[in-house]
Amino acid sequence: MEDIQMLIEKVKADLQDGNSDEEIFQSILHLFGRDPETDSQVVELLADIPHVKIANLLRRMLEVSKERKVRKIIKRSLY
């Protein structure tokens, strides 16, 4: 859980610094895709951040995710 919180804080800092969608995506890619439970938590926490780049990030995560449950959570977060 600590890793997830640190990741979310890093994403928030990246947004504040004006980093590109691709840079933010690359920073979370090391944690995303390993464990469906972790992925679900990351998606839910990201969905709470109201920013256009987060929507773009979730779309990218949807493209690379193979886990059905995670894909469902991403889709729900986008709409």
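Shown above is the structure to which this text applies.
Scope of this entry: the structure provided in the associated data block. (Residues numbered from 1 in each chain as written. Predicted model: local features only at pLDDT ≥ 70, side-chain atom pairs only at ≥ 80, totals over all residues. Heavy atoms only, no water.)

### Here's the deal with the environment of Tyr79
As a reminder, the rule being used: Working definition: helices are DSSP H or I runs of at least four residues, strands are E runs of at least two. Numbering for both runs from the N terminus.
Relative to the helices and strands, Tyr79 resides in the segment after α5 (68–78). Between the alpha carbons of Tyr79 and Ala13 there is a distance of 25 Å; along the sequence they are 66 residues apart.

### Thoughts on the packing of aromatic side chains
Given two aromatic rings, their pairing is described by the distance between the two centres and the angle made by the two planes. Worth spelling out the cut-off: Between 30 and 60 degrees the pair is tilted, below 30 it is stacked and above 60 it is edge-to-face, where a pair is any two Phe, Tyr or Trp rings, Trp via its six-membered ring, whose centres lie within 6.5 Å. Criterion for a charge above a ring: Arg CZ or Lys NZ at most 6 Å from the ring centre, at most 35 degrees from the ring normal.
Per the stated rule, a full pass over the model turns up 0 aromatic pairs. When the ring centre of Phe25 is taken as origin, the NZ or CZ atom of Arg60, which lies over that ring, is 4.1 Å away.

### Quick notes on helix α2 (residues 21–29)
The line we're drawing: Each residue is placed in one exposure class: buried if its accessible area under a 1.4 Å probe, protein chains only, is under 20% of its type's maximum, exposed if it is over 50%, and partly exposed if it falls in between. As used here, the arc belongs to the directions running from the helix axis to the C-beta atoms. Contacts are assigned to residue pairs that have any heavy atoms within 4.5 Å of one another.
Within the sequence span of α2, burial applies to Ile24, Phe25, Ser27 and Ile28. Around the axis of α2, the buried residues are gathered within 160° of arc, so they sit on the same side. Contact partners of the buried residues in α2: α1 (2–17) and α4 (52–64).

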